[in-house]
Amino acid sequence: MVLYTSPFPNSFLSVLHSFSWGLIFPCYWFADRLVASFVPTTYEKRQRADDPCYFQALCIIITTPIYLALLVASLPFALIGFLLWSPLQSARRPYIYSRLGDKSQANGATLLTEWKATGNGKSFCFGSANVCLLPDSLARFNNVFNTQARAREIGRRIRNGASRPQIKIYIDSPTNTSISAASFSSLVSPQVGDSTNRAVNVGIKRTSSMEYKGDNSGSNNSEDSRDAKAGVELNEGEDNNTCIVRISGEDNGHISDPEADAISGQANISSPAEHSLEGERESPKGQIPNHKQKEGDSGSLDSYTASRESLVKVRIGDGTVDQSNINNKLLYKASVMKKTSVRKKKHMDEIFDHEISAFFPANLDFLCLQEVFDKRAAEKLKQQLHHYFEYILYDVGVYGCHGCCSFKFVNSGLLFASRYPIMDAAYHCYPNGKGTDSLASKGALFLKVQVGNTPQDQRIVGYISCTHLQALAGDTTVRCEQLDLLQDWLADFRKSTSSSSTANPEELVAFDVICGDLNFDNCSSEDKLEQQHCLFTRYKDPCRLGPGEEKPWAVGTLLDPEGLYDEEVCTPDNLQKVLESEEGRKGYLVYPTSKNHSSSQKGRKASLKGSGRRIDYMLYTEEGVYLEWKVEVEEFNFITQLAGLTDHLPVAMRLMVSTGEEDS
């Protein structure tokens with residue numbers, strides 16, 4: 001299947017479309033600015049309250065008549081442009097496919113050679129987020145503003161988080177839980193400008209597969225001798241960015257507090273891609289408050305400092321040990337994280353890791369975004385994401401009366417980014433949208449990606465579906481119909497794109513994932529019909545026990561818009577800390593409405609149950625996957641890295657595809 005790299009089949013239609021949009025845009029922009037002037041965010045309200053000269057109010061009084069006059073003057077041109085623009089949409093393609101033009105940074109073909117299905121398995125990481133990139137006047141109704149600057153910042157934060165090295169620490173001995181702080185800091189805290197940093201000496205290399213057993217030759221430093229106690233390895237099935245550190249338990253020494261204090265700063269780990277991009281960082285005009293991060297904010301653009309809570313993953317093996325002692329001796333001493341181990345192992349019956357993270361997962365393979373409605377914002381976002389993702393589909397959807405029952409003014413808002421090559425793509429528009437949702441071409445995007453090749457030259461592929469359902473409360477029937485359509489369209493897509501037969505399989509399916517904003521939760525009584533939909537019998541939700549019953553660690557993904565700019569939650573680290581406590585969640589997450597209590601979010605804390613409305617989903621299935629393989633969740637994250645930039649929490653899931661074969 002040929003992927004569409006331009007919205008129209010020929011250059012003539014593209015030029016005509018650009019001309020018509022050029023006539024429409026001035027009117028659109030003036031209207032957007034005029035409405036935005038009268039919809040202030042809570043941040044702007046606080047600014048005005050602190051302004052003794054009422055400067056902001058004076059600006060509105062001056063600019064309003066100017067915008068209004070220019071809007072009226074541009075209306076005739078906009079009408080002519082609309083008459084040209086509308087019929088052109090019947091020839092428009094449903095998406096734009098973009099591939100990284102710089103071949104020196106392209107690595108999609110290289111990734112295909114990394115997994116031959118000959119080892120124990122391979123993990124793939126999926127992310128999903130609703131980023132609320134609407135025209136500025138409409139975004140303000142969700143208490144966010146400056147859409148263009150937010151788009152650029154969202155892209156930067158995502159690629160900064162995803163391009164981090166992934167570090168996992170395994171403690172092999174249950175009796176020894178101490179790590180020398182000097183040794184640990186030498187492993188994970190190299191400074192960018194340090195030409196003799198310890199990470200190089202101990203042999204951590206992101207681009208090669210190796211196992212470090214310890215080598216003190218050429219060094220008399222006692223810290224180097226302690227470094228030799230840790231094994232550092234990269235295995236097949238782990239991404240090149242993954243560094244596995246194994247603590248053998250042979251080092252029983254402790255360092256003094258002064259030594260610990262000397263290395264107690266946060267660990268700096270930057271990937272080569274991040275270093276190459278340092279020179280192009282700038283402060284965009286009109287920067288919004290959430291861009292101005294405090295010192296130590298791990299999610300800020302200009303900080304590559306790893307979050308203490310999110311840098312490493314600690315697992316305790318080979319026995320049962322006292323968790324509190326481990327946290328006191330290991331985590332605080334190393335100054336890397338504080339409560340991750342407690343957080344992950346609080347629910348001992350869970351078979352996979354789960355946490356609230358201040359970063360997008362390292363080695364993020366696939367990204368599905370919703371509400372990327374603004375075209376200019378989509379371009380800025382795409383440019384940033386291309387620093388990490390080689391393949392991107394954006395501007396997904398239809399306009400005008402093309403194929404749907406009502407006129408569509410904006411696209412679907414879906415955007416998909418991948419590190420692996422995209423083989424096929426298809427989009428379908430939901431025909432039953434109601435109210436304001438009917439003005440957007442909300443629908444489903446289906447993708448087939450290639451993730452490897454077997455030694456027998458069979459392609460290893462995966463299927464990913466990204467969607468955004470009807471948003472209005474009470475439209476339960478509409479959402480259920482859309483879920484029915486989603487399943488039917490997906491079945492048709494898999495059938496039409498499959499080149500395999502049972503007798504002669506040319507392709508092996510590794511995974512089938514559905515992600516997106518479904519606009520219903522698993523705890524509201526009003527959403528019972530969606531909770532019991534047959535989709536959840538075929539696809540597994542890692543956060544759900546059953547209809548109406550969430551797992552204890554699951555967290556709501558819909559933030560209370562009124563609190564987005566509160567100091568307690570306006571940075572990734574702060575939001576992470578707040579969401580880790582039940583009381584914090586009650587103050588800043590949206591909970592199901594109750595008829596018996598006040599509608600004020602903060603005024604009904606005592607009556608709130610659960611952990612908020614989780615409307616952003618990551619689902620997977622083993623149906624249709626190659627029979628000899630097994631798909632399991634390895635990790636699930638709720639992510640706070642976009643704090644202050646959107647009113648949703650992104651989610652991420654890492655799947656392990658196990659082949660059951662031993663390494664040859």
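The rules behind each value
Residues numbered from 1 in each chain as written. Predicted model: local features only at pLDDT ≥ 70, side-chain atom pairs only at ≥ 80, totals over all residues. Heavy atoms only, no water. UniProt positions renumbered as here; feature names shortened; annotations may be inferred. Helix = DSSP H or I, 4+ residues; strand = E, 2+ residues; numbered from the N terminus. Pairing = 2+ DSSP bridges. Axes fitted to C-alpha atoms, helices over the stretch in contact; angles between N-to-C directions. Contact = heavy atoms within 4.5 Å. Patch = residues over 30% accessible without salt bridge, like charges linked within 9 Å, V, L, I, M, F, W, Y side chains within 5 Å. Areas by Shrake-Rupley, 256 points an atom, 1.4 Å probe, with all protein chains shown as cover. Salt bridge = Lys/Arg side-chain N within 4 Å of Asp/Glu carboxyl O. Phe/Tyr/Trp six-rings, centres within 6.5 Å; stacked < 30°, edge-to-face > 60°. Buried < 20%, exposed > 50% of the residue type's maximum accessible area, 1.4 Å probe, protein only. Lys, Arg positive; Asp, Glu negative; His and termini not counted. Parallel < 35°, antiparallel > 145°, perpendicular 65-115°, else oblique. Left-handed = near helix turned anticlockwise from the far one by under 90°. Polar contact = N/O pair within 3.5 Å; in protein donor to acceptor, adjacent residues only side chain to side chain.

Participant: Quick question: what am I supposed to make of the UniProt feature "transmembrane region" (unreviewed entry) in the chain here?
Facilitator: With numbering aligned to this structure, UniProt lists the feature "transmembrane region" (unreviewed entry) at residues 12-31 and 52-85. The annotated region residues 12-31 carries 100% helix and 0% strand content, and the separation between its end C-alpha atoms amounts to 29 Å.

Participant: Can you walk me through the sheet that holds strand 15 (residues 507-517) in this structure?
Facilitator: Reading across from one edge, 12-13-14-15-18 is the order of the five strands in this open sheet, with mixed pairing throughout. The strands lining the two open edges of the sheet, one partner per strand, are strand 12 (422-429) and strand 18 (616-621). In this sheet, adjacent strand axes meet at a mean angle of 15° when their direction is disregarded. As paired elements, strand 14 (residues 459-468) and strand 15 share ten bridges and run parallel to each other. Its bridge partner being in strand 15, Ser465 is matched across the sheet by Ile514. Packed onto the sheet, helix 15 (residues 476-497) meets strand 12, strand 13 (443-453), strand 14 and strand 15 and runs at close to 35° relative to strand 13.

Participant: What is the right way to read a nonpolar patch on the surface from this model?
Facilitator: Nonpolar side chains collect at one region of the surface, where Leu58, Ile61, Ile62, Ile66 and Leu70 lie side by side and expose about 470 Å² of accessible area between them. If you trace the backbone, Ile66 turns up in helix 3 (residues 55-88).

Participant: Teacher, can you tell me more about the packing of aromatic side chains here?
Facilitator: In this description, a pair of aromatic rings is defined by centroid distance and the angle of the planes. Applying the stated criterion to the full structure yields 33 aromatic pairs. When the ring of Trp21 is compared with that of Phe25, the centres are 6.4 Å apart and the planes differ by 55°; the resulting orientation is tilted. Of the two residues, Trp21 and Phe25 both sit in helix 1 (residues 11-37), four residues apart, roughly one turn of that helix. Accessibility expressed as a relative area gives 30% for Trp21, which makes it partly exposed.

Participant: Is there a simple way to explain the side chain of Arg585 in this structure?
Facilitator: The topology assignment puts Arg585 in helix 19 (residues 582-588). One buried charged residue, Arg585, remains without a salt bridge, the closest side chain of opposite sign being Glu582 at 5.3 Å. Sequence-distant contacts of Arg585, defined by excluding residues within four places in its chain, comprise Val555, Val578, Leu579, Glu580, Tyr591 and Ser611.

Participant: Where do I start with the packing of helix 1 against helix 3 in this structure?
Facilitator: When two helices pack together, their arrangement is given by the angle between the helix axes and the distance between those axes. Relative to each other, helix 1 and helix 3 sit at 150°, their axes nearing to 7 Å. Viewed along their axes, helix 1 and helix 3 adopt a mutual orientation that is roughly antiparallel. Judged by the sense of rotation from one axis to the other, the crossing of helix 1 with helix 3 is left-handed.

Participant: What should I look at first to understand the side chain of Ser37 in this one?
Facilitator: Structurally, Ser37 is set in helix 1. Here Arg33 takes part through its backbone oxygen, which lies 2.9 Å from a polar atom of the side chain of Ser37. Once residues within four sequence positions are removed from consideration, Ser37 is found in contact with Arg48, Ile60 and Tyr67.

Participant: What's the story with unusual backbone geometry in this structure? I'm lost.
Facilitator: Negative phi characterises most residues that are not glycine, and trans characterises most peptide bonds. We note that Glu371 has phi near 60°; this positive angle belongs to a residue other than glycine. Relative to the helices and strands, Glu371 is located in strand 9 (residues 366-372). For Glu371, a relative accessible area of 13% puts it in the buried group.

Participant: What should I look at first to understand the pattern of salt bridges in this one?
Facilitator: It is possible for side chains of opposite charge to pair when their charged atoms get near one another. According to the stated counting rule, one finds 25 salt bridges in the structure shown. Where Arg46 meets Asp566, a salt bridge forms, and the shortest distance between an N and an O atom there is 2.5 Å. Taken together, the residues Arg46 in helix 2 (residues 42-49) and Asp566 in the loop between strand 17 (549-550) and helix 18 (572-579) connect sequence positions 520 residues apart. Residue classification places Arg46 among the partly exposed residues on the basis of a relative accessible area of 37%. You can call Asp566 buried: its relative accessible area is 10%. Among the charged side chains, a salt-bridge network with shared partners connects Asp32, Arg33, Glu44, Asp136 and Arg140.

Participant: Even after reading the chapter, I still don't get the sheet that holds strand 2 (residues 121-133), so can you show me in this structure?
Facilitator: Strand pairing within a sheet occurs via backbone hydrogen bonds; the two strands may be parallel or antiparallel. The mixed open sheet is built from eight strands, whose spatial order is 1-10-11-9-2-20-19-8. Looking at which strands have only one partner, the edges of the open sheet turn out to be strand 1 (96-99) and strand 8 (353-357). Mean inter-strand twist for the sheet, computed between neighbouring axes without regard to direction, equals 15°. Across eight bridges, strand 2 lies against strand 20 (residues 651-658) in antiparallel orientation. Bridging from a neighbouring strand, Gly127 pairs with Ala652 of strand 20.

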